[in-house]
Amino acid sequence: MKNNPYSAKIQNLAESATIAISTLANELKAQGRDILSFSAGEPDFDTPKVIKDAAIRALDAGFTKYTAVAGILPLRKAIANKLERENNLKYDPSEILVSNGAKQSLFNVFQALINDGDEVIIPSPYWVTYPELVAYSGGKSIFIETNENTGFKITASMLRDAITPRTKAIVLTTPSNPTGSVYTKAELEALSDVLKGSDIWVISDEMYEKLIYNGSFVSSAAISEDMLARSITINGLSKSVAMTGWRIGYLASKDKMLIKMMDNLQSQCTSNINSITQMAAISALDGSADSDIEMMRQAFLERCKEGAKLINQIENLSVKEPDGAFYFFINIKDSAYGRDSMRFAKELLEREGVALVPGIAFGMEGYVRFSFACSLEQIREGIGRIARFLKG
Ligand code: PMP
Ligand code: GLU
């Protein structure tokens, strides 16, 4: 074996912190410990029946072969129709690529866009995966630190200050994981004005689009023709219709050459996504599951209100009710843990069996992330344990 058997880039790649903590919580549970995990961003609901029925029909019909790498045409048509109907975005099916979760969509995008040393602007706090994928593609993450007072959102002047001649792309996540903030149309317009005339791509991660509790959702690409041309719209079905395990995400771009290059990449690593999932996904996108989606949103909304109220009753903790997604980004700065979110999370897990994700995993100290994608009963119990933990 050579002295250095592994590539430098794989050695520099960190494990997903959110997955690592939920795996640890599951292991502790399997050992018999009484663990309540609020670490993974995964809806507790079952996939709606109308979607499962479509999968069963596909299986019975023997739809079990390889398909086109980008996904079957009826699925890409269903995605194009959804983007037009719900997001006011006109994409042709040839401008859409379906992948194994939005995670693979993001992987494809960074691999296809980034040359060594290119800069990618990422508002912080950010979802754990972006900087890792940027680094893996040879790029450099440039973080714009936001804060609670401005709703964890970047402004036009913050964006202007972060742009350099090396800026290749910006990642916008709305609603945000981990903060739940949602950009308004006016805020997106202000950001788009800064980008006008540049050749900067916008990677718009819209995974939590269906989970809005306050205001309304606007797609970045819907702001203007200019934004449509520079945006890569990323979405998926994991969160909106509780399909995390089925593995389906998708992206859309007006740049057909970019789509073709990512299709080439995918053809060399994973090919098409699971054929059964593709058939099921059509029913998730054509409106048949809309009542199930609304039922889940209502349940998340109730959990959001109740959970935020209970957290704010705990001395030295505070949280702003998120406008979207299903996370509380809890401010712990006034607690005895101050800015040490890792120690907070570790001791809470050891002493009370409650798993949260430390803010530092998302690039921001002084916070912990609590996923409320679980029952109200678990939320009440978990917050009760956190209160007990802080009392010492
Ligand atoms: N984007 C965001 C913001 C997420 O939180 C997630 C979490 N799963 C993803 C993308 C990827 O989801 P998936 O791969 O399950 O489609
Ligand atoms: N995105 C979810 C989260 O933030 C799922 C875990 C992951 O994919 O990293 O918890």
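Rules of the game
- Residues numbered from 1 in each chain as written.
- Chains lettered and ligands numbered in written order.
- Predicted model: local features only at pLDDT ≥ 70, side-chain atom pairs only at ≥ 80, totals over all residues.
- Heavy atoms only, no water.
- Core = buried A, V, L, I, M, F, W, Y, C linked by side-chain atoms within 4.5 Å.
- Buried < 20%, exposed > 50% of the residue type's maximum accessible area, 1.4 Å probe, protein only.
- Helix = DSSP H or I, 4+ residues; strand = E, 2+ residues; numbered from the N terminus.
- Contact = heavy atoms within 4.5 Å.
- Phe/Tyr/Trp six-rings, centres within 6.5 Å; stacked < 30°, edge-to-face > 60°.
- Lys NZ or Arg CZ within 6 Å of the ring centre and 35° of its normal.
- Pairing = 2+ DSSP bridges.
- Axes fitted to C-alpha atoms, helices over the stretch in contact; angles between N-to-C directions.
- Patch = residues over 30% accessible without salt bridge, like charges linked within 9 Å, V, L, I, M, F, W, Y side chains within 5 Å.
- Areas by Shrake-Rupley, 256 points an atom, 1.4 Å probe, with all protein chains shown as cover.
- Salt bridge = Lys/Arg side-chain N within 4 Å of Asp/Glu carboxyl O.
- Near = heavy atom within 4 Å.
- Polar contact = N/O pair within 3.5 Å; in protein donor to acceptor, adjacent residues only side chain to side chain.
- Nonpolar A, V, L, I, M, F, W, Y, C, P; charged D, E, K, R; others polar.
- Disulfide = S-S within 2.5 Å.
- Expected span 1.5 Å × (residues − 1).

Participant: Please set out the nonpolar core residue by residue, giving values where relevant.
Facilitator: Of all hydrophobic cores here, the largest spans 75 residues; its most connected members are Phe344 and Phe370. For this core, the element with the highest residue contribution is helix α12 (residues 290-312), accounting for six residues. Excluding residues that lie within four positions of it along the chain, Phe344 makes contacts with Leu317, Ile332, Ser335, Tyr337, Leu356, Val368, Ile386, Phe389 and Leu390.

Participant: Tell me about the packing of aromatic side chains, and name the residues and values.
Facilitator: Counting across every chain of the model gives 19 aromatic pairs. On the basis of an interplanar angle of 80° and a centroid distance of 5.6 Å, the ring pair of Phe152 and Phe329 is categorised as edge-to-face. Of the two residues, Phe152 sits in the loop between β4 (140-145) and α7 (156-162) while Phe329 sits in strand β9 (residues 327-331), which places them 177 residues apart along the sequence. Take Phe329: its relative accessible area is 5%, and that puts it in the buried class. An aromatic cluster of at least three residues, connected via ring pairs, comprises Phe38, Tyr213, Phe328, Phe370 and Phe372. Over the face of the ring belonging to Tyr136 we find Lys9, whose NZ or CZ atom lies 4.5 Å from the ring centre.

Participant: Which residues make up the sheet that holds strand β7 (residues 231-236), and what values go with them?
Facilitator: Strand order across the open sheet formed by seven strands is β2-β8-β7-β6-β5-β3-β4, with mixed pairing between neighbours. Of all the strands in the sheet, the pair left with one neighbour each is β2 (96-99) and β4. Going from strand to strand, the sheet's axes swing by 20° on average, the running direction of each strand aside. Inspection of the sheet shows strand β5 (residues 167-173) paired to strand β6 (residues 201-205) by five bridges, in the parallel sense.

Participant: A description of a nonpolar patch on the surface should follow, citing residues and the corresponding values.
Facilitator: Nonpolar side chains collect at one region of the surface, where Tyr6, Ile10 and Leu13 lie side by side and expose about 290 Å² of accessible area between them. Along the polypeptide, Tyr6 turns up in the segment before α1 (8-11).

Participant: Can you tell me about the site of ligand 1, naming the residues and giving the values?
Facilitator: Lining the immediate environment of ligand 1, one finds 13 residues, of which Ala102, Asn177, Asp205, Tyr208 and Ser238 sit closest. Contact between ligand 1 and Ala102: an oxygen atom at 2.6 Å from a main-chain N or O atom of the residue. With three residues, helix α5 (residues 101-113) is the single largest residue contributor to the shell around ligand 1. Here the shell around ligand 1 is built from residues that sort into five nonpolar, four polar and four charged.

Participant: How would you explain the site of ligand 2 if you had to name every residue and give the values?
Facilitator: Close contacts around ligand 2 come from Ser16, Thr18, Ile19, Ser39, Ala40, Gly41, Lys103, Trp127, Asn177, Lys239, Tyr327 and Arg369, and that covers them all. Here an oxygen atom of ligand 2 sits 3.1 Å away from a polar atom, N or O, in the side chain of Ser16. Take Trp127: an N or O atom from its side chain is 3.2 Å from an oxygen atom of ligand 2. Contact with the protein chains removes 87% of the 280 Å² of surface that ligand 2 exposes when unbound. Residue composition of the shell around ligand 2, by class: four nonpolar, five polar and three charged.

Participant: Before we move on, could you go through the sheet that holds β9 and cite the residues and values that matter?
Facilitator: Pairing within the open sheet is antiparallel, and its three strands lie in the order β9-β12-β11. Since the sheet does not close on itself, it has two edges, and those belong to β9 and β11 (357-358), each with one partner.

Participant: Quick rundown of the pattern of salt bridges? Include the residues and the values.
Facilitator: Per the stated rule, a full pass over the model turns up 26 salt bridges. Between Lys52 and Asp46 there is a salt bridge, with the nearest N and O atoms lying 2.6 Å from each other. Looking at Asp46, the relative accessible area reads 53%, which means it is exposed. Residue Glu381 is joined to Arg385 by a salt bridge in which the shortest nitrogen-to-oxygen separation is 2.8 Å. Of the two residues, Glu381 and Arg385 both sit in helix α14 (residues 376-391), four residues apart, roughly one turn of that helix.

Participant: Describe the state of the cysteines, listing the residues and the values that go with them.
Facilitator: Should the sulfur atoms of two cysteines be covalently bonded, the bond is a disulfide. All chains considered together, the criterion is met by zero disulfides. Looking at Cys304, it has no disulfide partner, and the nearest cysteine sulfur is the one in Cys374, 12 Å off.

Participant: Pulling in residues and values, what's your account of the environment of Ile10?
Facilitator: Its location among the elements puts Ile10 in helix α1. We classify Ile10 as partly exposed; its relative accessible area is 41%. Through-space distance from the C-alpha of Ile10 to that of Tyr136 is 7.5 Å; in sequence the pair is 126 residues apart.

Participant: Please give an account of helix α4 (residues 73-87) that cites residues and values.
Facilitator: Between its terminal C-alpha atoms α4 stretches 20 Å, which fits the 21 Å expected from 15 residues at 1.5 Å a residue. In this structure, the buried side of α4 is in contact with β2, β7, β8 (249-252) and α11 (275-285). Positive backbone phi, approximately 60°, marks Asn88, located one or two places after α4.

Geometric descriptors of this kind do not, in isolation, establish any biological role.
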